[in-house]
Every structure is written in C-alpha cells, then in structure tokens.
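# Architecture at a glance
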Amino acid sequence: MSTQLFKPGMRFFKGNTHAHSTASDGRLSPEAVFETYRAAGYDFLALTDHWRVCAARDYRGMLVIPGVEYDFSFPNQVLHLVCLFRDAGDAADIARGMSHTDVIRHVNRAGGVPIAAHPAWSLNTPEFLGTLDGVEISEVYNTMSDEPFNAPRGNSESLLDVTAANGKIYRLVAADDSHPYAGEQCVSWTMVQAEALSVPGIIDALRAGRFYATQGPAFYGITVGDDTIAVETSPVSRVTFCSNLNWVEDRCRTGSGLTREVYRVRPGERFVRVQLTDADGKKAWSSPIITERT
C-alpha cells in the first residue's frame, strides 16, 4: 500500500511567508514590498512586520495573507513567531506582554498558522523547540539569517534534525525574512499545494502539510510505501535522505540530472526527510515523513 503526500494534478503556489516593510524595520514601503515579490512571479506573500498585522488584499493578482512576527526573549536565546491569520482581526487581542504560549494558543484557536522563525539564528536548543506545543512548522532556511547579511545561521536543517530525533518533528518552510532588500529577497520560498489561491486555501494547505521549502529545485511527487519512499523531482545533482539514524550507506545519491530516486526505509528510522541540491547548489527540503518503523 502506498500514499501520495501531494495530490496529483493539484496546483502548487509560490509564496514567501516572512517579509518586512517600513511598518517595522524593513527599508521598503509595503507597496514596494508587494511589487518586489509580484514582479518576481510570486503567487502569495505574507507581510510580517513586528507586532503589526498586515490585512489581506489582492495586489495586482498576488495574494497578500495577513501576517505578523512576534518576538520573545529568554536567557541565551530568543523566539520569533511568524503567524499567518485568516483575517487581520484575528490578531486583535494579541499584545506585547503576553506569553509566547498564550500567543500560540490564540493563533491556533483562530485557525491561523504559527511558524518558528530562523531557529538557528535564534540560538534555539532542541530542548526549547521541543516545548513549543501548538507550533508544527519551522523555517528550515531563512535567507536574511545567513551570510552575507548575518552570521552563518540561516540553515536550521541540522538543528531541526536533532529536534526531530528527540521527539518533536516540525514541518519545513523556507523564507527570505526580507529587510534591506539588498539581495536577500526572492531567494528562498515555499511551494504550497492548495485548493485555491485564497487566504483560506493557503492557510488550510499549510495546516495540512501540503508544501515544501525550496530555493529552486522542485518536488513533483513523494510516494510513501510500506518500506520505501520514492521521489520525483526536477533535474538535480543530489538527493539526500536524512533521518534519525546516524549512518545509512546509500542515503546520498549523486549524479547529473537526477529526477527519480527510491529509498528503502531502515529499521529504527522514525522519520525521513528528503533534501535536493541542484547543479547551482540551490536546495529544496521536504518535511520529515514519519515512517513509524521500529
């Protein structure tokens, strides 16, 4: 028996779930941010200024999703939550001084999506990430949190693997976290397979897990069998199957123009995520697939 993780024939929409404007600490006006992403071919954008919610709108055919970023400080680390809402009014009762647990609870009650932003940049520990009940999605890559804009902490894949191996599995998105618009914009995005390009359509698909993170390579299909995972992709140079096991002999497949690979799940693998790398070094990440093998 096999399961398709994506629905055959259903469209994917390209979106950025993390961007800033002059409404908080970004250098472009909201309108200029919208135009930047629309001109780059994005289907949707969440403008997520700090503690300031952006209302939904149609910007010249690009969907703008209500979004905001909340930040919290702890000893030796911070927590930034990117939250997407069905309506901007759903955030009306959230205010500075609330605990992160109360904010997470409020977002989920409203049917929204809380996302753990740039956990490597935030210096989050696996233990801390494991306590975030109600947060099921994390940024695996955040463009602004990496060089040449920041210390090299944009890539959180290893941290999230350790977190998953210790019991808390996050689904994975990628985002730009655009601030200066000096080359970090339109680099990392999320492809969402939704019933429609609408706020409910995108939110529902994110909550259901029908998406993958990418900088360019594409997943066309992921089929999970009784003891196999088969992936169909755009042409790539490497397909890597990452899991809670330290060593698997054939987990890294390298070649020219790879488009289909089948992986045999080993006993003891509790999850497997698939990572693609193309000829230019651009990556794509599937969310971890729970294999439930012992």
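Residue positions within a chain follow its written sequence, with the count starting from 1. The model is predicted, so local features are restricted to residues of pLDDT at least 70 and side-chain atom pairs to those at 80 or more, both for listing and for counting; the totals for chains, interfaces and linings are taken over all residues. Values reported for side chains reflect all heavy atoms of the structure, with hydrogen atoms and water molecules removed beforehand.

## Some thoughts on the overall build of the protein
Quick reminder of the rule: Secondary structure elements follow DSSP: runs of H or I of four or more residues count as helices, runs of E of two or more count as strands, with numbering from the N terminus. Here the globule rule is a power law, 2.2 Å times the number of residues to the power 0.38, and the radius of gyration is based on C-alpha atoms. Burial classification: accessible surface area is computed with a 1.4 Å probe over protein chains only, and a residue below 20% of its type maximum counts as buried, one above 50% as exposed, and the rest as partly exposed. In what follows, a contact means two residues having at least one pair of non-hydrogen atoms within 4.5 Å. Residue burial considers only the protein chains on display, and all accessible areas are found by Shrake-Rupley using a 1.4 Å probe. Here the positive residues are Lys and Arg and the negative ones are Asp and Glu; neither His nor the chain ends is included. Note that the charge is assigned to NZ on lysines, CZ on arginines, CG on aspartates and CD on glutamates.
Along the backbone of the protein there are 5 helices and 17 strands. The C-alpha atoms of the protein give a radius of gyration of 18 Å, which matches the 19 Å a tight globule of 294 residues would have. Projected onto its principal axes, the C-alpha coordinates of the protein cover approximately 50 × 40 × 40 Å. Taken over 294 residues, the protein has a buried fraction of 55%. Partitioning the intrachain contacts of the protein with sequence separation of at least 6 by distance along the chain shows that 62% fall at a separation of at least 24. Here the protein has roughly 12,200 Å² of accessible surface; of this, 48% comes from carbon and sulfur atoms. Of note, the protein has its 28 positive side-chain charges centred 2 Å away from the centre of its 35 negative side-chain charges.

## Here we look at empty space enclosed by the protein
Put simply, the rule is: We place a 1 Å grid over just the protein atoms. Points where a 1.4 Å probe fits but has no way out form a cavity, open points with protein on both sides within 12 Å along at least 5 of 7 lines form a pocket, and any residue with an atom within 4 Å of a point lines it. Grid points are joined across faces, edges and corners, and a volume is the space filled by probe spheres set on the points. Under this grouping Gly is polar, as are all residues other than the nonpolar Ala, Val, Leu, Ile, Met, Phe, Trp, Tyr, Cys and Pro and the charged Asp, Glu, Lys and Arg.
Within the structure shown, the criterion is met by 1 cavity of 30 Å³ or more. When its volume is computed, the largest cavity comes out at roughly 40 Å³. For the largest cavity, the full set of lining residues is Val140, Glu157, Leu160, Asp161, Ala164, Tyr170, Leu172, Phe271, Arg273 and Pro288. Broken down by secondary-structure element, the contributors of at least two residues to the lining of the largest cavity are α4 (157-165) and β15 (271-277). By residue class, the composition of the lining of the largest cavity is 7 nonpolar, no polar and 3 charged.

## A few points about helix α2 (residues 100-109)
For clarity, the threshold we go by: Throughout, the arc means that of the directions going from the helix axis to the C-beta atoms.
Listed in full, the buried residues belonging to α2 are His100, Val103, Ile104, His106 and Val107. Mapping the buried residues of α2 onto a view down its axis gives an arc of 165°, with all of them on the same face. Looking at the packing, one finds that the buried side of α2 touches β5 (62-74), β6 (77-84) and β7 (113-116). Two residues or fewer past α2, glycine 111 is found with a positive phi of approximately 80°.

## With respect to the pairing of strand β8 (residues 137-142)
It is a general feature of regular strands that their side chains alternate between the two faces of the sheet. Keep this limit in mind: Strands qualify as paired when DSSP identifies two bridges or more between them. A crossover gets the label right-handed when its path from the first strand over the helix to the second runs clockwise, viewed with the strands pointing away from the viewer.
Among the 6 residues of β8, 6 are classified as buried, and the element is accordingly described as predominantly covered. With 2 bridges connecting them, β7 and β8 associate as parallel partners. Residue pairing in the sheet places isoleucine 115 in a bridge with isoleucine 137 of β8. Bridge count between β8 and strand β9 (residues 171-175): 5 bridges; the pairing is parallel. Within β9, the position partnered with glutamate 139 by the bridge is valine 173. The handedness of the β8 to β9 crossover, carried by α4, is right-handed.

## Considering the pattern of salt bridges
The test is simple: What makes a salt bridge here is a side-chain nitrogen of Lys or Arg within 4 Å of a carboxyl oxygen of Asp or Glu, nothing more.
Under the definition given, this model contains 13 salt bridges. Linking aspartate 43 and arginine 11 is a salt bridge whose minimum nitrogen-to-oxygen distance equals 3.2 Å. Within this pair, whereas aspartate 43 is found in the loop between α1 (30-39) and β3 (44-47), its partner arginine 11 is found in the loop between β1 (3-4) and β2 (12-16), the two being separated by 32 residues in sequence. Glutamate 31 is the salt-bridge partner of arginine 57, the closest N and O atoms lying 2.6 Å from each other. Taken together, the residues span a long stretch of sequence, with arginine 57 in strand β4 (residues 57-59) and glutamate 31 in helix α1 at a distance of 26 residues. By relative accessible area, which is 34% here, arginine 57 ends up partly exposed. One network of salt bridges, with partners in common, ties together Asp250, Arg253, Glu261 and Arg266.

## Re unusual backbone geometry
Most peptide bonds adopt trans geometry, and most residues besides glycine take a negative phi value. Between glutamate 147 and proline 148 the backbone carries a cis peptide bond, its omega angle lying at 5°. Phi angles above zero are rare outside glycine, and asparagine 76 is one such case at about 75°. Summarising the element assignment, asparagine 76 is placed in the loop between β5 and β6. The exposure class assigned to asparagine 76 is exposed, which follows from its relative accessible area of 72%.

## Considerations on the layout of surface pockets
By volume, the largest pocket is sized at about 360 Å³. Around the largest pocket, the lining is made up of 17 residues, and of these Leu5, Arg171, Gly209, Ser287 and Pro288 lie nearest the centre. Elements supplying a minimum of two residues to the lining of the largest pocket: β12 (219-224) and β17 (289-290). Broken down by class, the residue content of the lining of the largest pocket amounts to 10 nonpolar, 4 polar and 3 charged.

## Observations regarding the nonpolar core
Test applied: The definition of a nonpolar core used throughout is a set of buried Ala, Val, Leu, Ile, Met, Phe, Trp, Tyr and Cys residues joined through side-chain atoms within 4.5 Å.
Judged by nonpolar contacts, the single largest core of 35 residues is most densely connected at Phe34, Met62, Phe219 and Val239. Elements with a minimum of two residues in this core: α1, β3, β5, β10 (189-193), β12, β13 (228-243), β14 (252-264) and β15. Sort the elements by how many residues they give to this core and β13 lands first, with 5 residues. Among residues more than four places away in sequence, those in contact with valine 239 are Val231, Arg251, Cys252, Arg253, Leu258, Glu261, Val274, Gln275 and Leu276. One finds Phe72, Ile94, Ala116 and Ala120 within the second-largest nonpolar core, a separate group that totals 28 residues.

## Thoughts on α4
Turning to α4, its buried residues are Glu157, Leu159, Leu160, Asp161, Thr163 and Ala164. On its buried face, α4 sits against α3 (126-129), β8, β9, β13, β15 and β16 (283-285). Just beyond α4, the residue with positive phi is glycine 167, at close to 115°.

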